[in-house]
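# Notes for the structure review
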Amino acid sequence: MDNFAVQAYQRIRQAAVVTAQAPASTLPPQEKLSEARASLPDPASADYLSSHGPEATLDHLLGTIVPALNGQNRSGRYWGFVTGSTLPIAEVADNIVSAYDQNVQVHLPDQTIATEVEDAALKMLLRLLSFGEPKEWEGRTFTTGATASNVLGLACGREAVVTKRLAAGEESVGTLGLLKACIKAGIEDIQVLTSMGHSSLFKAASVVGLGRSSVKDLPYSDAEPWRLDIAAVEKELQREHVASIIAISAGEVNTGRFATTGLEDMKRLRELADRYGAWVHVDGAFGIFARALPDTKEFSKLRDHTAGLELADSITVDGHKLLNVPYDNGIFFTRKSSVLTSVFQNPNAAYLSAGGASEIQSPLNIGLENSRRFRALPAYAVLLSEGKDGLAEMFARMVRLTRGIAQAIKKSDDYIWLPDESADIEDTHIVVLFRAKNEKLNEVLVKTINESAEWYVSGTKWKGQSACRVAVASWRAHDTEDLELVKRSLEAMTAQYK
Ligand SMILES: *Cc1c(COP(=O)(O)O)cnc(C)c1O
């Protein structure tokens, strides 16, 4: 079997290298999808669940399933959603994770280095993102992604804002449950105050028992709805018998813009939160990496917009987006590990005890899962391989390409750069939103681009109208070749509608 694995890896790498040599398509041909679909086991067939063996199975995977996968990692021009892709060193590390199959749930320093590698990676991320010293962020863990990190953020916020209104020493939500704890604390509602919060924030609110309707949108203005209206936040914080979590969109997923404009906004929010006993959570899934761009004038506006985010109580970071590690990878930071254990403590399982006090917490007591993948290893590998400067340059390439596309659209007579054509290009991070002026073209714009299989965009809405969204998140971003292709494609499409 081990021999089988060695040979199989060689074949997988060969297949991958071959596709990497030619620019990979963003989408597979429809007939490959049909073939793969037809090949899936049929519950009605007589040999359903019969044994095929590893050799035939590998042939099936490489010959039929792989050709029906999209090119989000291999093409570098798959700009839908905010997918990120995978640096080769991260892919290798991920294969090591599978090969050694560590269960990173209990800190067992005499038996495996895994929990210490995980903590080393978390500390490196703290430094990369300039959040401050590890002792200021004792609560830290890898999650399955930003959605999971947002669940942790709202769960910690919920625990903390209720505890603040209970008498000292009283048990809180983790023990009593939300209903009893809120009654004791005199709380009638817990609200999540945000501006254009990511859809996963609503899901997280539902999961932790606050409800999707607890999320309140407080847009700064009609023109800048992604910005948080801090005066409105202050008003909401004054409501009696209501506890609040402030959720900052850094950045907002449709426009890529930031809810706060810089240090002053964050200082004000911090001061308000402290005065009214609120919790500040930053959803920085992809936007937070603007803080790790090169410290040059080219990126100074983005660095300004993301200044002060370290004043939060908790922060969501995605690994499988801009950091370019494979799915599933997210990161969560909060100041005190006690708030995490208050929610996530896995009680009364003596056989899972780590024994002895350590700076490193057993992950099962500070996050959702008990058994866990060694998902920190690819992130550790990327941080070690690229270093601060290498990553800064990788993020810079993404921003330069995005700005090039934004510039091309701004200059064009046939397309409109959204949300605001007069905006400064230097406000652009990794997202470009745009539409075609010609309504007929605009209706089919997303479909036409995506069917070309040369580049891929997300369809979205802006102020009720269809729009296209480009999100550049791959290490393969190439600001000359890719830009030329986009320009050619934009022109070719409008030529048909003149
Ligand atoms: C992508 C994203 C999420 C959800 O992240 P997943 O990794 O898909 O779970 C949350 N917030 C923001 C701002 C995002 O961009």
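Just so we're clear, the structure is a prediction, and the values are computed from it rather than from any experiment. (Residues numbered from 1 in each chain as written. Predicted model: local features only at pLDDT ≥ 70, side-chain atom pairs only at ≥ 80, totals over all residues. Heavy atoms only, no water.)

## What about the sheet that holds strand S7 (residues 330-334)?
A sheet is described by the order of its strands in space; here 7 strands give the open sequence S1-S7-S6-S5-S4-S2-S3, paired in mixed fashion. At either margin of the open sheet sits one strand with a lone partner, and together these are strand S1 (139-143) and strand S3 (215-217). The sheet shows a mean angle of 20 degrees between the axes of neighbouring strands, direction not considered. (Pairing = 2+ DSSP bridges. Helix = DSSP H or I, 4+ residues; strand = E, 2+ residues; numbered from the N terminus. Axes fitted to C-alpha atoms, helices over the stretch in contact; angles between N-to-C directions.)

## Looking at the domain arrangement of the chain
Along its sequence, the chain is organised into domain 1 (2-69), domain 2 (103-374) and domain 3 (388-496). Just the C-alpha atoms count here: the centres of domain 1 and domain 2 sit 39 Å apart. (Domains from an automatic or database assignment.)

## Things to note about the sheet that holds strand S10 (residues 458-462)
Read across the sheet, 4 strands follow the order S8-S9-S11-S10 without closing on themselves; strand pairing throughout is antiparallel. Edge positions in the sheet fall to strand S8 (415-418) and S10, since each has one partner strand and no second. The average undirected angle you get between the axes of adjacent strands in this sheet is 40 degrees. Pairing geometry for S10 and strand S11 (residues 465-471), over 5 bridges, is antiparallel.

## Describing the site of the ligand
Near the ligand lie 14 residues; those nearest to it are Thr-147, Asp-283, Asp-318, His-320 and Lys-321. Between the ligand and the protein, one listed contact pairs an oxygen atom with a side-chain N or O atom of Thr-147 at 2.5 Å. For the ligand, an oxygen atom lies 2.8 Å from a polar atom in the side chain of Asp-318. Relative to its free-state accessible area of 380 Å², the ligand is covered by the protein chains to the extent of 84%. (Near = heavy atom within 4 Å. Polar contact = N/O pair within 3.5 Å; in protein donor to acceptor, adjacent residues only side chain to side chain. Areas by Shrake-Rupley, 256 points an atom, 1.4 Å probe, with all protein chains shown as cover.)

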